Amino acid sequence: MIRPTLRQLDILEAVARCGSFSRASADLHLTQPAVSMQIKQLESALGAPLFEHIGKRIQLTAAGQEALQASRAISRELSNLEHTLADMQGLKGGTLTVSVASTASYFTARLMALFRESHPDVRVSLNVVNRETLLQHLAENSIDLALMGQPPEGHDLTAQPFMDNPLVVIAAPTHLLADQHHIPLARLAEEPYVGREPGSGTRGAVEKFFTEHGLTLKAAMEMNKNEAIKQAVEAGLGLGVVSLHTVQAELAARHLCVLDVQGFPLRRQWYLVQRQGKRLSPAAQAFAQFVLSEAGRVAPLGEL
């Protein structure tokens with residue numbers, strides 16, 4: 001039996017990720033015939049077709065899904081081997097790849113700056129992405145660590161809370177509810193609401209909270225960036241619910257205010273997340289320890 005090569009498995013992963021041979025070839029800086037030939041050779045080695053055409057798109061067959069999972073497992077083991085050898089050789093510096101949820105980007109830059117003061121030789125790659133992409137990075141084992149809200153169950157992830165992440169209701173300072181106290185949740189549901197896109201951790205937490213209280217928000221607008229939500233709320237287009245970390249500057253400048261709503265703030269946590277069983281490099285271990293011990297000091301919150 002001809003064994004698959006690591007190169008073929010890398011190309012399999014790229015085609016599955018990109019959803020087409022042409023996009024995978026561009027991503028890998030190869031010609032499309034070269035990518036197609038490697039996949040054909042891999043299919044021949046495994047004795048089963050790995051992709052099928054659905055209209056103009058391709059998707060993995062059942063055999064392709066199994067091959068992709070095996071490829072990612074091999075990639076994890078090779079990564080673990082590299083980290084083990086680095087530990088044995090006592091290497092300094094190293095590389096660190098971290099993905100953070102877009103909401104966490106408001107304090108991540110300060111966190112990284114402080115970390116690099118004590119680890120100046122570490123080369124850092126930082127990806128600011130939405131929750132869906134972040135989970136994809138973890139599934140693909142393309143990052144060391146992630147900073148995000150609570151991860152979903154059943155994704156073979158290890159998560160450690162490292163800092164409070166209170167969700168608050170924001171409004172323009174001129175809003176008629178701005179000066180009221182103990183606002184009933186039902187009253188809030190009467191106001192237009194500017195929220196995050198489907199899949200957002202904030203959206204999921206807010207919808208769950210209102211559903212538990214038998215209420216539905218009156219959605220006015222849907223946006224995929226916190227900056228856009230803050231601008232819409234400031235312009236008087238509705239109320240919003242965001243992490244308190246994301247509005248520190250606007251509150252200080254009195255461009256926005258936090259409403260006193262019953263049941264709020266929603267008490268959530270930020271989590272340091274990695275794949276289960278992943279062996280972290282010395283640089284990633286140092287960053288994980290730094291986050292768990294210092295994040296609260298780096299990103300303090302003002303009083304509500």
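Described below are features of the structure shown in this document. (Residues numbered from 1 in each chain as written. Predicted model: local features only at pLDDT ≥ 70, side-chain atom pairs only at ≥ 80, totals over all residues. Heavy atoms only, no water.)

## Some remarks on the packing of helix α1 (residues 6-18) against helix α3 (residues 32-46)
Taken N-terminus to C-terminus, the directions of α1 and α3 make an angle of 115 degrees; their axes are 9 Å apart at the nearest point. By the criterion of interaxial angle, the relationship of α1 to α3 is roughly perpendicular. α3 is crossed by α1, and the crossing has left-handed handedness. Each of Gln8, Leu9, Ile11, Leu12 and Val15 in α1 lies in contact with α3, whose residues at this interface are Val35, Gln38, Ile39, Gln41 and Leu42. Here the contact of α1 with α3 is composed, by residue class, of seven nonpolar, three polar and no charged. (Axes fitted to C-alpha atoms, helices over the stretch in contact; angles between N-to-C directions. Helix = DSSP H or I, 4+ residues; strand = E, 2+ residues; numbered from the N terminus. Parallel < 35°, antiparallel > 145°, perpendicular 65-115°, else oblique. Left-handed = near helix turned anticlockwise from the far one by under 90°. Contact = heavy atoms within 4.5 Å. Nonpolar A, V, L, I, M, F, W, Y, C, P; charged D, E, K, R; others polar.)

## Some details on the packing of aromatic side chains
The tally for this structure, following the rule as stated, stands at eight aromatic pairs. When the centroid spacing of 5.9 Å and the interplanar angle of 65 degrees are considered together, the rings of Phe21 and Phe51 count as edge-to-face. Residue Phe21 is located in helix α2 (residues 21-28), and its partner Phe51 is located in strand β1 (residues 51-54); the two are separated by 30 residues in the primary sequence. Pair check on accessibility: Phe21 and Phe51 agree, each one buried. Counting every residue linked through ring pairs, the aromatic cluster contains Phe107, Phe162 and Trp270. (Phe/Tyr/Trp six-rings, centres within 6.5 Å; stacked < 30°, edge-to-face > 60°. Buried < 20%, exposed > 50% of the residue type's maximum accessible area, 1.4 Å probe, protein only.)

## Let's talk about the nonpolar core
Within the largest apolar cluster, 25 residues are counted, with the highest numbers of intra-cluster contacts made by Leu96, Leu111, Leu147, Phe162, Phe287 and Val291. Elements supplying a minimum of two residues to this core: β3 (95-101), α5 (105-118), β5 (145-148), β6 (157-164), β12 (269-275) and α11 (282-298). Per-element tally for this core: the top contributor is α11, with nine residues. Ranked by size, the runner-up nonpolar core spans 22 residues in total, among them Val169, Val206, Leu259 and Leu266. (Core = buried A, V, L, I, M, F, W, Y, C linked by side-chain atoms within 4.5 Å.)

Take it as geometry only, folks, not as evidence of what the structure does.
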